[in-house]
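Descriptive structure summary
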Amino acid sequence: MSYLGVGVSPGKYAAGSKNDSKAIDRKVRLTELILRTAVCGLALVAALLVATDTQVKEIFTIRKKAKFTDMKSLVMLVVVNGVAAAYSLVQTFRCVVGMVRGSVLFNKPLAWLIFSADQVMAYMIVAAIGAAAQSAAFAKLGEPQVEWMKVCDMYGKFCTQVGEGIASSVIACASMIIVSAISAFSLFRLYAGNKAW
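Residues numbered from 1 in each chain as written. Predicted model: local features only at pLDDT ≥ 70, side-chain atom pairs only at ≥ 80, totals over all residues. Heavy atoms only, no water.

1. Thoughts on the overall build of the chain
A count of helices and strands for the chain gives 4 helices and 2 strands. Counting from the amino terminus, helix and strand elements in the chain follow one another as α-β-β-α-α-α. Summed over all atoms, the accessible surface of the chain reaches about 11800 Å², with 69% contributed by carbon and sulfur. (Helix = DSSP H or I, 4+ residues; strand = E, 2+ residues; numbered from the N terminus. Areas by Shrake-Rupley, 256 points an atom, 1.4 Å probe, with all protein chains shown as cover.)

Listed below in structure tokens is the structure:
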């Protein structure tokens, strides 16, 4: 018996057996289901927080309404999070069906499609967050060299809610990146042949 337990199976089956593989498979499927559900919920929350955000400010009898459509980066954030939520909902359904049937992936082309789509979603969310975060930084800090004012000084509630939407999107993005790693694991495991994984 090894001191650290490396290479020693706590059960009656040897490490790397089919039962270990099935246990790992169940854990991977459950983790994927939880993460895809989280991505769906968080992306939906992010899209709703930003899309429903408005604030009216009255300056010398002139009413100016701040809304997410005033900044194209926020429009992009809403659209990308909506697409990510819808995609994650479809993939969550696929995960549930796979868990009920007892199979994760049916074939290599489907695994490649899921892997590629997960990568595209992760990169789209990263790009949308980057653009929205840069716009939010300009709104919060201004840019004195080009005389851009600090918009968040006037529209504090609006900026706070946009910040919450971006934060929710960042957590959804982190979850999507982990899901992408799981889909890569599932894809490349199909090429392992009859090995333990």
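2. Some details on the nonpolar core
Ranked by internal contacts, the top residues of the largest apolar core, which has 33 residues, are Leu 74, Leu 77, Ile 125, Phe 158 and Met 176. Counting only elements with at least two residues in this core, the list comes to α1 (18-51), α2 (72-101), α3 (108-141) and α4 (156-189). No other element matches α4, which puts 9 residues into this core. Other than its neighbours up to four places away in sequence, Leu 74 contacts Val 50, Phe 68, Ala 132, Phe 158 and Val 162. (Core = buried A, V, L, I, M, F, W, Y, C linked by side-chain atoms within 4.5 Å. Buried < 20%, exposed > 50% of the residue type's maximum accessible area, 1.4 Å probe, protein only. Contact = heavy atoms within 4.5 Å.)

3. A word on the pairing of strand β1 (residues 54-59)
In terms of strand pairing, β1 meets strand β2 (residues 62-67) through 6 bridges, oriented antiparallel. Paired with Gln 55 across the bridge in β2 is Ala 66. Where β1 folds back on β2, the antiparallel hairpin that results is connected by 2 residues, among which Phe 60 adopts a positive phi of roughly 50°. (Pairing = 2+ DSSP bridges.)

4. Side note on the pattern of salt bridges
Here the idea is simple: oppositely charged side chains can pair when their charged atoms come close. On inspection of all chains with the given rule, the structure shows 3 salt bridges. A salt bridge links Arg 36 to Glu 32, with the nearest nitrogen and oxygen atoms 3.0 Å apart. Taken together, the positions of Arg 36 and Glu 32, both in helix α1 and 4 residues apart, correspond to about one turn of that helix. For the residue pair Arg 36 and Glu 32, the accessibility class agrees, reading buried in each case. A single network of salt bridges, built from pairs that share partners, joins Glu 32, Arg 36, Arg 94 and Asp 118. (Salt bridge = Lys/Arg side-chain N within 4 Å of Asp/Glu carboxyl O.)

5. Here's the deal with the environment of Leu 113
Note on placement: Leu 113 falls in helix α3. Owing to a relative accessible area of 56%, Leu 113 belongs among the exposed residues under this scheme. Distance in space between the C-alpha atoms of Leu 113 and Leu 187 is 9.7 Å, their sequence separation being 74 residues.

6. A closer look at the confidence of the model for the chain
In low-pLDDT segments, the atomic positions of the prediction should not be examined closely. Put simply, the chain has an average pLDDT of 80, and 83% of its residues get 70 or more. Counting contacts from residues 1-15, a segment whose pLDDT is below 50, to residues more than four positions away or on other chains yields 7 contacts. (pLDDT = per-residue confidence, 0-100.)

7. Observations concerning the packing of aromatic side chains
Scanning the model with the defined rule gives 3 aromatic pairs in all. Judged by centre distance (5.9 Å) and plane angle (90°), the rings of Trp 112 and Phe 188 are edge-to-face. Separated by 76 residues along the polypeptide, Trp 112 in helix α3 and Phe 188 in helix α4 bring together distant segments of the chain. Ring centres of Phe 115 and Phe 188 lie 5.9 Å apart, and the angle between their planes is 70°; this geometry places the pair in the edge-to-face category. (Phe/Tyr/Trp six-rings, centres within 6.5 Å; stacked < 30°, edge-to-face > 60°.)

8. Examining the packing of α2 against α4
Between α2 and α4, the least distance of the axes is 11 Å, while the angle of their chain directions is 40°. It follows from the interaxial angle that α2 and α4 lie oblique. Crossing geometry of α2 relative to α4 is assigned as left-handed. Along its contact with α2, which presents Leu 74, Leu 77, Asn 81, Tyr 87 and Ser 88, the element α4 presents Phe 158, Val 162, Ile 166, Ser 169 and Met 176. When the residues that make up the contact of α2 with α4 are grouped by side-chain class, the tally is 7 nonpolar, 3 polar and no charged. (Axes fitted to C-alpha atoms, helices over the stretch in contact; angles between N-to-C directions. Parallel < 35°, antiparallel > 145°, perpendicular 65-115°, else oblique. Left-handed = near helix turned anticlockwise from the far one by under 90°. Nonpolar A, V, L, I, M, F, W, Y, C, P; charged D, E, K, R; others polar.)

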